[in-house]
Structure formats: structure tokens, C-alpha cells
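# Structure at a glance
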Amino acid sequence: MVRKLKFHEQKLLKKVDFIKWGVDNTLHENKIMRKYHIQKREEYTMYNKLSREIREIAKKITTLDAADPFRTDASSRLLEKLYILGLIPTKWDLDKMSETTKNATKLVEHGHVRVGADVVKDPAFLVSRTLEDFVTWVDGSAIRQHKLLKKVDFIKWGVDNTLHENKIMRKYHIQKREEYTMYNKLSREIREIAKKISTLDAADPFRTDASSRLLEKLYILGLIPTKWDLDKMSETTKNATKLVEHGHVRVGADVVKDPAFLVSRTLEDFVTWVDGSAIRQHVLEYNDLRDDFEM
């Protein structure tokens, strides 16, 4: 005798289509999961649902009148959202660290990659547009060391401009030589790009566009004057470095102790004192802003 189904069992059965149960597109699903090295079926379902919703939104936008200002606004907002999420082509991704998606997945799973200060081991981790510049190798990664060795010219190793290098490192309180090398390379590339732009015809619209894009990028990275920086919390770079190293400064909710931490334009408004910082208490007291509750 068949027992009576419980309430929750009846609910579940209502949602199951037994007619189409055996005709799921499993082959296609497995093919996509293998192609993009998706580890979990739930992630595939989530991605599939997301892509379907994006297609539906795009389809609805296309049905609007071409002259409708809402269509233009909706299109730009959708593209901006996809760009920020990294779902449309980016300038920087893991492909520059690995030639194939399969290899990139392995590098992530084996703990060779970090985003900012955090080691990422989940291949499904979403690197948004604001984070893509912070994707790099883990410091102790053997892969990173192997790649670095390829770039070392041992013949010219002893003729480096060490005096100038040390002078710059002392001036800007750079703690690690690798950071100096990275900054030096970045500044050289920026100079080369600027030089190439300057060789273009002044009337060329591409020159104007390239110049504005370069300036915008430098502004976002905080390499040209910002409205808010650590100079408002400290008078000198040396003192600012000490404040960071001693744990007095946080970016958002995270305490930052690495003076080389890059505060991009999107993060600069979140730079502030750590709540329990003695320096913060002193500043508040000096400005007569200290709360009686904190005393």
C-alpha cells in the first residue's frame, strides 16, 4: 500500500515535469563545463541563468524605438554593467598569465594567483573591472619565480644604476626592490605611450581621444593629483609610510599595513583612520570632534 505523500513532497512533485525529465540538454551542458573548466554544476546553472537574463534584457531594449532616449540610456547602462562585471572584453585578464583557460584554472586552484592581498583558489571567483588591475602572482609562487628568471639578464646584472635606485627608494620610502622595479617599468611605459601620442598630428581626433583616455587611466590609478590622499592625513611621505606600517590606516573595512598598497581612484574616498587608532583620537580631540562616548 502506497503511503500518503507529505505536504512538502506534494509541493516538490508539482514542480517536476516528468515528461521532459529525461530530455535535459546534458551533452551540451557537459561540453560547456569542459570547455570553460567549470567545476560545479550549480555554477553552470547560475551562469546560464545570468546569460539568459542578459539576452532577455537586450532583446527588450532592441524592441524599443531607436529614437527613444530611454533605449540609449538603457543600452549604455547595460553595457557599463557588463563591462564592470568583466563579461565583455577587458584589457587585463588571466590570459596574460596563462595561454589557456585550462592552465589558468589550474594556476588558480593551486594557489598561484591573488587578487589584491587575497589568494584566490576558486576558479569561479568573479574579477570585476575594478579588481582586474590587482590580479597578480602570489609572492612565493614558483611559477612567478620561474617567469621572473626569464626576464633577468645576468650579463648586465652588475651594471644596474644602484645609486639612483637607492636614492629613489629612500625618497619615496619604497620597502621592496621589486616594487621599485614595477613602478619604474610602469612609469617608463607611460612615458613611451605619451611620447607616441605626441608624435601624432595635433588635428588627429585619435590623438585627442588617446590623450583623454591616458589621463583618465592615470587619474583612476591616482598617479596624477587626486582630491583625497594620505597627504591630508600626514605631512610627509615618510610619516605616511610609518602610519600605514603601524596599522593606523584602513581602506574600507580592511586595515592596510603595506605602504605599496595601490589606492585607486575608486578606493580613495574609503581611506580613513582605524577606529581604535591613537592618532585618530588625537586628531579628533585636536579638532574638538571627539565623541564623549569614546573618551
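Residues numbered from 1 in each chain as written. Predicted model: local features only at pLDDT ≥ 70, side-chain atom pairs only at ≥ 80, totals over all residues. Heavy atoms only, no water.

In the nomenclature of an unreviewed UniProt entry, the protein chain corresponds to Putative u3 small nucleolar ribonucleoprotein snornp component from the organism Lutzomyia longipalpis. UniProt, in the comment section headed Sequence similarities (unreviewed entry), describes the protein chain in these words: "Belongs to the universal ribosomal protein uS4 family." (UniProt positions renumbered as here; feature names shortened; annotations may be inferred.)

The helix and strand tally for the protein chain stands at 11 helices and 6 strands. For the protein chain, the residues scored as buried account for 21% of the 295 residues in total. Look at the contacts in the protein chain between residues 6 or more apart in sequence, and 42% of them connect residues 24 or more apart. As displayed, the protein chain offers around 22,900 Å² of accessible surface, 58% of which is attributable to carbon and sulfur atoms. (Helix = DSSP H or I, 4+ residues; strand = E, 2+ residues; numbered from the N terminus. Buried < 20%, exposed > 50% of the residue type's maximum accessible area, 1.4 Å probe, protein only. Contact = heavy atoms within 4.5 Å. Areas by Shrake-Rupley, 256 points an atom, 1.4 Å probe, with all protein chains shown as cover.)

You can see Leu 243 is positioned in helix 10 (residues 237-245). Its relative accessible area of 8% is what places Leu 243 among the buried residues. In this structure, the C-alpha to C-alpha distance between Leu 243 and Lys 257, residues 14 residues apart in sequence, is 8.4 Å.

Before going further, it helps to examine the sheet that holds strand 2 (residues 118-119). Pairing is antiparallel in the open sheet, where 3 strands are placed in the order 2-1-3. Bordering the open sheet on either side are strand 2 and strand 3 (135-137), each of which pairs with just one other strand. In this sheet, strand 2 lies alongside strand 1 (residues 113-115) in antiparallel orientation, the contact comprising 2 bridges. Looking at the pairing, Arg 114 lines up with Val 119 of strand 2. (Pairing = 2+ DSSP bridges.)

What follows concerns the sheet that holds strand 6 (residues 271-273). What the 3 strands build is an open sheet, ordered 5-4-6; its pairing is antiparallel. In this open sheet, the two edge strands, each paired with only one partner strand, are strand 5 (254-255) and strand 6. Pairing analysis gives 3 bridges linking strand 4 (residues 249-251) to strand 6, with the strands arranged antiparallel. Each bridged residue has a counterpart across the sheet, and for Val 249 the counterpart in strand 6 is Trp 273.

Here the structure, examined in full by the defined rule, presents 5 salt bridges. With a shortest N-O distance of 3.6 Å, Asp 73 and Arg 77 are connected by a salt bridge. Of the two residues, Asp 73 and Arg 77 both sit in helix 4 (residues 69-85), 4 residues apart, roughly one turn of that helix. What makes Asp 73 partly exposed here is its relative accessible area of 35%. On the basis of relative accessible area, Arg 77 is assigned to the exposed category, the value being 56%. (Salt bridge = Lys/Arg side-chain N within 4 Å of Asp/Glu carboxyl O.)

Turning next to the packing of helix 3 (residues 41-62) against helix 4. Two elements in contact, helix 3 and helix 4, have axes whose closest approach is 10 Å; the angle formed by their N-to-C orientations is 160 degrees. Classified by the interaxial angle, the pair formed by helix 3 and helix 4 is roughly antiparallel. Considering how the two elements wind past one another, helix 3 and helix 4 form a crossing that is left-handed. Contact residues: helix 3 offers Ile 54, Ile 57, Ala 58, Ile 61 and Thr 62, while helix 4 offers Arg 71, Ala 74, Ser 75, Leu 78 and Leu 82. (Axes fitted to C-alpha atoms, helices over the stretch in contact; angles between N-to-C directions. Parallel < 35°, antiparallel > 145°, perpendicular 65-115°, else oblique. Left-handed = near helix turned anticlockwise from the far one by under 90°.)

Our focus in this paragraph is helix 4. Taking 1.5 Å of rise per residue, 17 residues should cover 24 Å, and helix 4 covers 24 Å from first to last C-alpha, within 8% of that figure. Buried residues of helix 4: Ala 74, Leu 78 and Leu 82, and no others. Seen end-on, helix 4 carries its buried residues on one side only, within an arc spanning 65 degrees. Opposite its buried face, helix 4 presents the exposed residues Pro 69, Thr 72, Arg 77 and Leu 79, each directed more than 90 degrees away. Buried residues in helix 4 make contact with helix 3. Two or three places before Phe 70, at the start of helix 4, stands the capping residue Asp 68, its side-chain oxygen 3.0 Å from that residue's backbone nitrogen. (Expected span 1.5 Å × (residues − 1). Arc of directions from axis to C-beta. Polar contact = N/O pair within 3.5 Å; in protein donor to acceptor, adjacent residues only side chain to side chain.)

Here we take up the environment of Asp 275. Among the secondary structure elements, Asp 275 is positioned in the loop between strand 6 and helix 11 (278-286). By relative accessible area, which is 49% here, Asp 275 ends up partly exposed. Taking the C-alpha atoms as reference, Asp 275 lies 8.9 Å from Arg 250; in sequence the two are 25 residues apart. When residues no more than four places from it in sequence are discounted, the contact partners of Asp 275 are Arg 250, Arg 280 and Gln 281.

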